[in-house]
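Spelled out from the first residue to the last, the chains are:
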Amino acid sequence: MLLSSLRTTVLCGCRGVGRSFQHRSQQQGPHLRQWLVKRGQSTVTVEAGATSAPSAATVPNAATNRILGRWLLGCSGLVVGAVVLGGVTRLTESGLSMVDWHLVREMKPPQSQAEWEAEFSKYQQFPEFKIMNHDMTLSEFKFIFYMEWGHRMWGRLVGLAYILPTMYFWRKGYFSRSMKGKVLGLCGFVFFQGLLGWYMVKSGLEEKPESYDIPRVSQYRLSAHLGSALLLYCASLWTGLTLLRPAHKLAETKQLLQLRRFAKGTGALVFLTALSGAFVAGLDAGLVYNSFPKMGERWIPDDLLAFSPSLKNFFENPTTVQFDHRILAISSLTAITGLYMFSRRMVLPRRAKIAISLLAAMAYTQVALGISTLLLYVPTPLAATHQSGSVALLTLAIWVLAELRKLPK
């Protein structure tokens, strides 16, 4: 009886609560539905924002472009250091002191006396010691060894400066699709440059019984090594400048098109002149005729085409190689002077005018350095400064091209 009464009471209470909730739902139904819809929309918006926030942060923008531009300019500066250090290494005749090549093992130089003697004994087995340095002491060997070791370690630093940030920026999403191809090309070029450097050194370690000349690396491989370094430098500098400096909004007039073509041709001529300097260095052609403007007593020396076939003279005859370098240097100076004078007649942005003016000033400085190096029989400090001047001239030529470039479509 008691259980029956309790069950009846519970059922009646549930029915009452149900009718009350249904009545309230009918009264507040429109308001409740609106509240639920708004809550659902805000939830979707928050979730979408949380999902899209990371991807928005990784899309390349002005801030990431500034970071990439500064990184590439820093890398190009390291390449300049490698070029200058490589030139000093060659001028001090240190490039053949390390007769082995290993990516990791050679990073640690000899430490003990026994290790130094073992390294020196390996060097003694190659032509440079036998022909040139047969009376060299261990302390003298240490100097040339450290010069070459420093150059190789700097090259590894350049490689790390390109590869490690590339991996980091790639994961962060800083690269656009076109930029990915560019940085992969730059990293591949760094690796190729290292292999080419060893291929160059190897040419100076080979025995040449038919030759009585002093051991030296192949001028062809030397010019390829320098040329690839300059290409890496130009590509890094150009990409960095275009990321950091927006293109000027210049009216595409006929004069501007002519100036732009003129600047491109001048830049190519400056690059070719610097490359011809590698043949001069490789053949020690700066020690053949140490007079200017004439070569000896003549404007055109007698032995200009002494080799047969004639084409061989342009790459293997020291007289012809020096003559070509002189002609290219004077042509570059003339072209840069013409570019400067032509630009004075045009209305250009201030930055472009500064770049062209500095290019002209550097051209005359570089020619003065070259003539002084020749007349003073190629002293190492002056020759190294002249080589650095060629990179400075190339830098300013790239800057001019960057200032005159077209707006991207």
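Residues numbered from 1 in each chain as written. Predicted model: local features only at pLDDT ≥ 70, side-chain atom pairs only at ≥ 80, totals over all residues. Heavy atoms only, no water.

What to know about the state of the cysteines
In protein chemistry, a disulfide is the covalent bond that joins the sulfur atoms of two cysteines.
Inference 1: Applying the stated rule across the entire model yields zero disulfides.
Inference 2: You can see C75 has no disulfide; the closest cysteine sulfur is in C187, sitting 8.3 Å from it.
Inference 3: Given the relative accessible area of 2%, C75 is considered buried. (Disulfide = S-S within 2.5 Å. Buried < 20%, exposed > 50% of the residue type's maximum accessible area, 1.4 Å probe, protein only.)

Overview of helix α5 (residues 138-172)
Inference 1: For α5, which comprises 35 residues, the first-to-last C-alpha distance of 50 Å matches the rise-based estimate of 51 Å (1.5 Å per residue) to within 8%.
Inference 2: Just beyond α5, the residue with positive phi is G173, at close to 80°. (Helix = DSSP H or I, 4+ residues; strand = E, 2+ residues; numbered from the N terminus. Expected span 1.5 Å × (residues − 1).)

Overview of the nonpolar core
Buried together is how nonpolar side chains tend to be arranged in soluble globular proteins.
Inference 1: Counting 58 residues, the largest nonpolar core has W71, Y162 and L359 as the members making the most contacts within it.
Inference 2: Those elements that provide at least two residues to this core are α2 (62-91), α5, α6 (177-205), α7 (219-244), α8 (254-282), α10 (318-344), α11 (350-375) and α12 (380-403).
Inference 3: For Y162, the contacting residues outside a window of four places in its chain are W71, C75, S76, V79, L186, C187, V190, L232 and S236.
Inference 4: Listed in part, the 10 residues of the second largest apolar core include M98, W116, F120 and F129. (Core = buried A, V, L, I, M, F, W, Y, C linked by side-chain atoms within 4.5 Å. Contact = heavy atoms within 4.5 Å.)

Brief notes about the pattern of salt bridges
Inference 1: Considering all chains together, one arrives at 12 salt bridges under this definition.
Inference 2: In this structure, the salt-bridge partner of R152 is E106, at a minimum N-O distance of 2.9 Å. Residue R152 is found in helix α5, and its partner E106 is found in the loop between α2 and α3 (113-123); the two are separated by 46 residues along the sequence. For the pair R152 and E106, a shared accessibility class is recorded, and that class is buried.
Inference 3: With its nearest N and O atoms 2.8 Å apart, the salt bridge here joins E148 to R152. (Salt bridge = Lys/Arg side-chain N within 4 Å of Asp/Glu carboxyl O.)

With respect to the packing of α10 against α11
Inference 1: At a minimum axis separation of 9 Å, α10 and α11 run at an interaxial angle of 155°. Classed by the angle they form, the pair α10 and α11 counts as roughly antiparallel. Note that α10 runs across α11; the crossing there is left-handed. Contact residues: Q322, R326, A329, L333, I336, T337, L339, Y340, S343 and R344 in α10; K353, I356, S357, L359, A360, A363, Y364, V367 and L374 in α11.
Inference 2: Per-class residue counts for the contact of α10 with α11 are 12 nonpolar, four polar and three charged. (Axes fitted to C-alpha atoms, helices over the stretch in contact; angles between N-to-C directions. Parallel < 35°, antiparallel > 145°, perpendicular 65-115°, else oblique. Left-handed = near helix turned anticlockwise from the far one by under 90°. Nonpolar A, V, L, I, M, F, W, Y, C, P; charged D, E, K, R; others polar.)

Digging into empty space enclosed by the protein
Inference 1: Summed over the entire model, instances satisfying the criterion amount to one cavity of 30 Å³ or more.
Inference 2: Approximately 50 Å³ is the volume attributed to the largest cavity.
Inference 3: If you go around the largest cavity, the residues you meet are V83, L226, L230, A274, Q387, S390, V391 and L394.
Inference 4: Where the lining of the largest cavity is concerned, the elements lending two or more residues are α7 and α12.
Inference 5: Take the lining of the largest cavity: its biggest share by element is four residues, from α12.
Inference 6: Residues of the lining of the largest cavity, tallied by class, amount to six nonpolar, two polar and no charged. (1 Å grid on protein atoms, 1.4 Å probe; cavity = no way out; pocket = protein on both sides within 12 Å on 5 of 7 lines; lining within 4 Å. Points joined across faces, edges and corners; volume = space filled by probe spheres on them.)

Concerning the packing of α8 against α10
Relative orientation and spacing of two packed helices are given, respectively, by the angle between their axes and the distance between those axes.
Inference 1: Close contact between α8 and α10 brings their axes to 9 Å; oriented N to C, the two are set at 155°. The orientation of α8 with respect to α10, classified from their angle, is roughly antiparallel. Crossing hand, α8 versus α10: left-handed.
Inference 2: When its residues are assigned to classes, the contact of α8 with α10 shows 15 nonpolar, 12 polar and no charged.

Structural notes on the packing of aromatic side chains
Inference 1: Counted by the stated rule, this structure contains 21 aromatic pairs.
Inference 2: Ring geometry for F120 against F129: centres 5.9 Å apart, planes inclined by 90°, an arrangement best described as edge-to-face.
Inference 3: With relative accessibility at 9%, the residue F120 sits in the buried group.
Inference 4: The aromatic ring of Y199 is capped on one face by R221, whose charged end is 3.7 Å from the ring centroid. (Phe/Tyr/Trp six-rings, centres within 6.5 Å; stacked < 30°, edge-to-face > 60°. Lys NZ or Arg CZ within 6 Å of the ring centre and 35° of its normal.)

What about the confidence of the model for the protein chain?
Interpretation of the predicted coordinates at a detailed level should be avoided for regions scoring low in pLDDT.
Inference 1: Counting all residues, the mean pLDDT for the protein chain is 86, and 84% of those residues have values of 70 or more.
Inference 2: Looking over the protein chain, one finds the lowest element-wise mean pLDDT in helix α1 (residues 2-58), namely 44, and the highest in α10, namely 97.
Inference 3: A low-confidence stretch, residues 35-57 stays under pLDDT 50, and its non-local contacts, those more than four residues away or across chains, total zero contacts. (pLDDT = per-residue confidence, 0-100.)

Observations regarding the environment of I131
Inference 1: If you trace the backbone, I131 turns up in helix α4 (residues 127-132).
Inference 2: Since its relative accessible area comes to 46%, I131 is described here as partly exposed.
Inference 3: Sequence separation between I131 and P215 is 84 residues; the distance between their C-alpha atoms is 7.6 Å.
Inference 4: Leave out the neighbours within four places in its chain, and I131 touches D213 and P215.

As for unusual backbone geometry
Leaving glycine out, the prevailing phi sign among residues is negative, and the prevailing peptide bond configuration is trans.
Inference 1: Looking along the chain, the bond that leaves F292 and enters P293 is cis, with omega of 5°.
Inference 2: Of the consecutive residues S308 and P309, the connecting peptide bond is found in the cis state with omega at 0°.
Inference 3: Not every positive phi belongs to a glycine, and Y377 is a case in point at roughly 60°.
Inference 4: Turning to its location among the elements, Y377 is positioned in the loop between α11 and α12.

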